Protein chains: 2
Amino acid sequence: MKFNENLHKLDNQDSFYVVSEKIRKYKENHPDNKVISLGIGDVSFPIIKPIADKMIEAIKEESGASSFVGYGNYYGLPELRKLIRDNEYPSFDIEEIYVSQGTKSDVGDILELFDKDSLIGIPTPNYPIYLNSVISLGKKVKLIPCDMNFIPIIPKEHFDVIYFCSPNNPVGITYSKETLSKWIEYAKKEGAVILFDNAYHHFVNNGIDSIYEIEGSKEVAIEFRSFSKVISFSGIRCSYYVIPKQLHRDINSLWRVRTINRFNGASYVAQKGAIAYFDDLSKKEIDKNISYYLENAKILKDGLTSLGYKVYGGENAPYLWVKSKNNLSSWESFDYFLNTLEIIIIPGVIFGKGGEGYFRVSALGKREDILLAIKRIRYDEETK
Amino acid sequence: MKFNENLHKLDNQDSFYVVSEKIRKYKENHPDNKVISLGIGDVSFPIIKPIADKMIEAIKEESGASSFVGYGNYYGLPELRKLIRDNEYPSFDIEEIYVSQGTKSDVGDILELFDKDSLIGIPTPNYPIYLNSVISLGKKVKLIPCDMNFIPIIPKEHFDVIYFCSPNNPVGITYSKETLSKWIEYAKKEGAVILFDNAYHHFVNNGIDSIYEIEGSKEVAIEFRSFSKVISFSGIRCSYYVIPKQLHRDINSLWRVRTINRFNGASYVAQKGAIAYFDDLSKKEIDKNISYYLENAKILKDGLTSLGYKVYGGENAPYLWVKSKNNLSSWESFDYFLNTLEIIIIPGVIFGKGGEGYFRVSALGKREDILLAIKRIRYDEETK
């Protein structure tokens, strides 16, 4: 029996798994200490009441004899797709919007749309799931280098598919209109498709928060968004993406056939909760949470910068990307932060070799932890 | 740009889509008539109260500052995995059980485990999602014929992977220990893997309700189960499957790496609901629902048989598989039932060419509809 040998290639050495094992061991050996997590990109606010109430209502429907809802919403509830369209993609048709159960799966599953011999390009550093999805599916892949400011450099060679993450995880930056326009131009010239992972778009206050703001992008770009960060749905699971009808003759309808054959829809309860997000009052409350995270990011950025760290991102994203001091490697910085400061960060090299010498800091935590973290770093610097 | 041309091969002519379009048109033209559905295999009982209550509790946790649950349960909640193990797979480790968001996706996604050149065998007739998943993923596939009683015939040639559905959709039968033992023997000899779709196992009152009852099966079989039918989770989404550690050196751990890179776990709310199913009181209530569906199946089977139809299945499954009368094709039977009797059935040919000349009847509906359906068929037969 021959299994998929590509699964053996998935790197287990530089991974979140090693991070979590190191943390586990440290906590085991120091059970009474307060370890602050600026690590994994999970939210700290719970789900707000109006959204929770709507989900409870959905469960009551599901337990009522005449209101029960079963199969049938393969592409998402019509009401949710319409709300997404009206609020976020007014120039699209409802059929161009697909509701799904998580961007992590979506950015891998979408590879089924492309020819098996497609060459996939991934700028480095980047969200490691792109590379691991591509590897596990046995696709051809090449990393695309970034410039000194972590802007992916337009390649001279041909790619069929290019992953883009904006606001970027881990670098925490958005890209200028000029940069994105050049990439759209490249994609058009090469007949390539850009997979635009826009899961953090709610954090963008100034700058481009959708690839479709760029002229010509509907012909070459698929955009992904998620409810995980904005309404704390990381445990509930609901995402969405846009496949424009202009992308290629028939591609949208091909994907409809693929979807109905491979997926039975996102959970009804999750979708009902997502619907409640689009109420004005919910949105207002959510905006306050996002502002809180962005304020966290500002505190971290100001604090780290004042301590002599070179910091990227953290303005239109919940992540900061920090250059290690004293030429420490990513893992050396990680160990220093964990063992000396009792702060969890993520080693940059996990996001690809372009991330060596950097680390990622998440601003999605609680304010008191953010302040305490800065205090610990400052105290250690001043008493060295 | 080259897209995945395999998606063009997905058959749209003989599909559930055509069924639903025909129904839509009929209802549009006859808005006041009562059309009875014995078609799509969705349940008619709502979610029972103890399960709904547990899900509401989960949402309250998700909206509490200190009880919020986000990322982290890639393979399922430990409590749920343990309950599944203890109740249904006592001879397995918890690490061998994966909780997921739906068997429709699971039976396609699992193909990532196998080498790209694997030859996949699918007995015909069968659940069409197997063939469509295999085609859309560009895998090599061959249909495996069944004998006159719809038992798949052991092939002379080599296959790497074989789909099995038991209780079978659409044929509604289970397989004898003898039949399954022969297939396990074949798989061992050929070094093949059997994908055993066991989504309807709760309907088995007598006979084999898990492939792991067959000796040696842990070395060659992966079993899939679902909460959709048993606790009416078709809209909620929760499934599970077993990858035995014996299957192949390292395969289980390889799949763990694959899963963490492609999936962020089933919805927390769904999993909490599934946990509540394992309470004794819930199980008792659910058993009553299953008995009700099986009683429906008996009524349909007795009724159709007494009217001269040749009927398969419907004893340990919610489906009946019926030979068309008067040499009607599957679609001719469908049209006769819809236009003359106002009853929805599913043309057998949708399940593959082995299903031509048959149709599928679902027993998952309401009792009064089942009785009325039989009455209509009888009246039409008697007044012809």
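Below: a short report on this structure.

Observations regarding the overall build of chain A
For chain A, the helix and strand inventory stands at 11 helices and 13 strands. For 384 residues, the compact-globule formula gives about 21 Å, and the C-alpha radius of gyration of chain A, at 21 Å, lands near that figure. Principal-axis analysis of the C-alpha atoms gives chain A an extent of 65 × 55 × 50 Å. Counting every position in chain A, which comprises 384 residues, the buried fraction comes to 64%. Expressed as a percentage of contacts within chain A between residues at least 6 apart in sequence, the contacts between residues at least 24 apart total 72%. Approximately 14,800 Å² of chain A is accessible, and the part contributed by carbon and sulfur atoms is 50%. If you average the places of the 49 positive and of the 51 negative side-chain charges in chain A, the two averages end up 1 Å apart.

Looking at the relation of the copies chain A and chain B
Each copy of the sequence occupies a distinct position, and chain A is placed on chain B by a rotation of 180 degrees and an axial shift of 0.0 Å, giving an RMSD of 0.0 Å. Look at the turn and shift together and you get a two-fold axis relating the two. No C-alpha of chain A lies nearer the rotation axis than that of A:Ile56, which sits 2.8 Å from it.

Details of the sheet that holds strand β12 (residues 346-347) of chain A
Residue and element names in this part refer to chain A. The antiparallel open sheet is built from 4 strands, whose spatial order is β9-β10-β13-β12. The open sheet has two free edges, formed respectively by β9 (311-313) and β12, since each of these has just one partner strand. In terms of strand pairing, strand β10 (residues 319-323) meets strand β13 (residues 358-362) through 5 bridges, oriented antiparallel. What sits directly across from Trp321, in β13, is Arg360. Here helix α9 (residues 280-306) sits on the sheet in contact with β9, β10 and β13, set at roughly 155 degrees to β9.

Things to note about the nonpolar core
Of all hydrophobic cores here, the largest spans 212 residues; its most connected members are A:Phe227 and B:Phe227. Beyond its immediate chain neighbours, meaning those up to four positions away, B:Phe227 contacts B:Leu80, B:Ile84, B:Ser232, B:Phe233, B:Cys238, B:Ser239, B:Tyr240, B:Ala274, B:Tyr277 and B:Phe278.

Brief notes about the packing of helix α10 (residues 330-341) of chain B against helix α11 (residues 367-382) of chain B
Residue and element names in this part refer to chain B. In the contact formed by α10 and α11, the axes pass within 11 Å of each other and the chain directions differ by 90 degrees. Taken together, the axes of α10 and α11 lie roughly perpendicular to each other. Counted together, Tyr336, Phe337, Thr340 and Leu341 of α10 and Arg376, Ile377 and Asp380 of α11 form the full contact between these two elements. Of the residues that constitute the contact of α10 with α11, the class distribution is 4 nonpolar, 1 polar and 2 charged.

A closer look at the interface of chain A and chain B
If you look at the interface, chain A gives 73 residues, while chain B gives 73 residues. Across the interface of chain A and chain B, roughly 6,300 Å² is buried in total on both sides, 60% from carbon and sulfur atoms. Sorting the residues of chain A by area buried against chain B places A:Phe3, A:Tyr71 and A:Arg262 first, and these three jointly supply 13% of that buried surface. Where chain A touches chain B, the interface holds 4 salt bridges. The salt bridge partner of B:Lys2 is A:Asp115, with a shortest N-O separation of 3.8 Å.

Conventions we followed
- Residues numbered from 1 in each chain as written.
- Chains lettered and ligands numbered in written order.
- Predicted model: local features only at pLDDT ≥ 70, side-chain atom pairs only at ≥ 80, totals over all residues.
- Heavy atoms only, no water.
- Helix = DSSP H or I, 4+ residues; strand = E, 2+ residues; numbered from the N terminus.
- Rg over C-alpha atoms; globule rule 2.2 N^0.38 Å.
- Buried < 20%, exposed > 50% of the residue type's maximum accessible area, 1.4 Å probe, protein only.
- Contact = heavy atoms within 4.5 Å.
- Areas by Shrake-Rupley, 256 points an atom, 1.4 Å probe, with all protein chains shown as cover.
- Lys, Arg positive; Asp, Glu negative; His and termini not counted.
- Charge placed at Lys NZ, Arg CZ, Asp CG, Glu CD.
- Least-squares fit on C-alpha atoms with pLDDT ≥ 70 in both.
- Pairing = 2+ DSSP bridges.
- Axes fitted to C-alpha atoms, helices over the stretch in contact; angles between N-to-C directions.
- Core = buried A, V, L, I, M, F, W, Y, C linked by side-chain atoms within 4.5 Å.
- Parallel < 35°, antiparallel > 145°, perpendicular 65-115°, else oblique.
- Nonpolar A, V, L, I, M, F, W, Y, C, P; charged D, E, K, R; others polar.
- Buried area = accessible area lost by both parts, 1.4 Å probe.
- Salt bridge = Lys/Arg side-chain N within 4 Å of Asp/Glu carboxyl O.

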